[in-house]
Amino acid sequence: MIVIAHVSDIHVDVDPRSAARTRAVMRDLEELPYDLAAVLVTGDVADLGSPDGYAVARELLVSRHPLLVCPGNHDVRADFRKSLLPEGAGVRPDAPVNQVLRGEGFVIALCDSSVPGEDDGYLEDETLEWLDGVLADTPHEVPVLVGFHHPPVPLHTPYVDGIRQFGEERLAALADRHPHLTAFLAGHAHTAAATTFAGRPLLVAPGVVSTLRLPWENPSDDENVHLALPPGLAFHVLGDDGRLTTHYRTVTV
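Residues numbered from 1 in each chain as written. Predicted model: local features only at pLDDT ≥ 70, side-chain atom pairs only at ≥ 80, totals over all residues. Heavy atoms only, no water.

Caption draft 1: Highlighting the packing of helix 4 (residues 125-136) against helix 6 (residues 168-176). Close contact between helix 4 and helix 6 brings their axes to 11 Å; oriented N to C, the two are set at 15°. Judged by the angle between their axes, helix 4 and helix 6 are roughly parallel. Relative to helix 6, helix 4 is oriented so that their crossing is right-handed. Contacts between helix 4 and helix 6 pair D125, L128, L131, D132 and L135 from the former with R170, L171 and L174 from the latter. (Axes fitted to C-alpha atoms, helices over the stretch in contact; angles between N-to-C directions. Helix = DSSP H or I, 4+ residues; strand = E, 2+ residues; numbered from the N terminus. Parallel < 35°, antiparallel > 145°, perpendicular 65-115°, else oblique. Left-handed = near helix turned anticlockwise from the far one by under 90°. Contact = heavy atoms within 4.5 Å.)

Caption draft 2: Representation of the nonpolar core within the structure. Within the largest apolar cluster, 29 residues are counted, with the highest numbers of intra-cluster contacts made by V7, L29, V45 and F80. Elements that contribute at least two residues to this core include exactly strand 1 (2-7), helix 1 (16-30), strand 2 (38-42), helix 2 (51-60), helix 3 (77-84) and strand 14 (232-238). Of the residues forming this core, the biggest block, five residues, is contributed by helix 1. Not counting residues up to four positions away in its chain, the partners in contact with V7 are V25, L29, L40, V41, T42, V208 and L233. (Core = buried A, V, L, I, M, F, W, Y, C linked by side-chain atoms within 4.5 Å. Buried < 20%, exposed > 50% of the residue type's maximum accessible area, 1.4 Å probe, protein only.)

Caption draft 3: Quick look at the pairing of strand 10 (residues 193-197). As paired strands, strand 10 and strand 11 (residues 200-204) are joined by five bridges and run antiparallel to one another. Looking across to strand 11, one finds that A194 is bridged to L203. Hairpin connection, strand 10 to strand 11: the antiparallel pair is bridged by two residues, and A198 has positive phi, about 55°. (Pairing = 2+ DSSP bridges.)

Caption draft 4: Looking closely at unusual backbone geometry. Backbone geometry places D9, a non-glycine residue, at a positive phi of 60°. Within the fold, D9 resides in the loop between strand 1 and helix 1. Phi is positive for H156, close to 65°, though the residue is something other than glycine. Inspection of the secondary structure assignment puts H156 in the loop between strand 7 (144-147) and helix 5 (158-161).

Caption draft 5: Representation of the side chain of S210 in the model. Here S210 lies in the loop between strand 11 and strand 12 (211-212). Taking relative accessible area as the criterion, S210 reaches 8% and is therefore assigned buried. Reaching out from S210, the side chain makes a polar contact with the side chain of H190 at a distance of 3.0 Å. Setting aside chain neighbours within four positions, we find S210 in contact with R21, H190, V225, H226 and L227. (Polar contact = N/O pair within 3.5 Å; in protein donor to acceptor, adjacent residues only side chain to side chain.)

This is a description of form; function is not addressed.
Below, the structure written as structure tokens:
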């Protein structure tokens with residue numbers, strides 16, 4: 001059994017609230033009586049994309065489990081890479097931040113869907129070529145999970161849907177060539193969600209810093225963010241039969 005924790009949208013800023021919520025989530029994972037295959041953080045790490053925010057995030061995002069972090073629309077690639085991926089210091093500053101983890105019986109490809117200076121998402125040709133290579137280099141019997149910040153389909157949340165990942169038909173065409181691409185993992189929506197894309201599960205992690213009210217929950221357009229609900233995370237489980245199951249959990253701060 002392969003268990004992967006999925007965290008998203010910590011939005012670290014000068015307010016100690018975001019740090020406290022992130023610390024609670026990471027502590028919860030550290031105290032598990034089980035070694036996770038990985039912990040994924042799918043973007044919006046520093047709320048303002050500032051070096052100060054990344055300095056705090058670097059102290060918070062420490063784990064005994066293998067850890068992978070990708071940028072979101074609030075992040076700045078150069079500062080993200082400098083603070084969180086020092087081994088990539090020689091890479092072109094504006095290059096997409098793409099990472100792969102090859103574990104025992106699984107592969108995770110974490111793609112950068114951020115567009116510098118914009119809130120919506122898009123996978124650059126460079127990223128799709130990289131992902132194509134990761135999939136081609138992975139034996140077909142090994143499941144590959146592909147993660148990024150922006151969901152590539154509408155989730156029936158008007159604000160998020162307007163700044164989702166676009167150009168998604170290119171990703172769908174790539175998926176058609178690689179049947180061992182098992183599922184897509186995303187953040188950005190600040191709400192736990194499960195749907196499909198390109199014939200695969202698309203599993204969205206809840207937000208750590210806040211929860212988005214759904215349109216039918218909104219008392220008004222000015223109250224679409226719920227700050228009182230606890231932070232959440234997802235656990236993705238790959239069984240010995242290759243079937244993927246996702247559980248969602250909340251964490252006490």
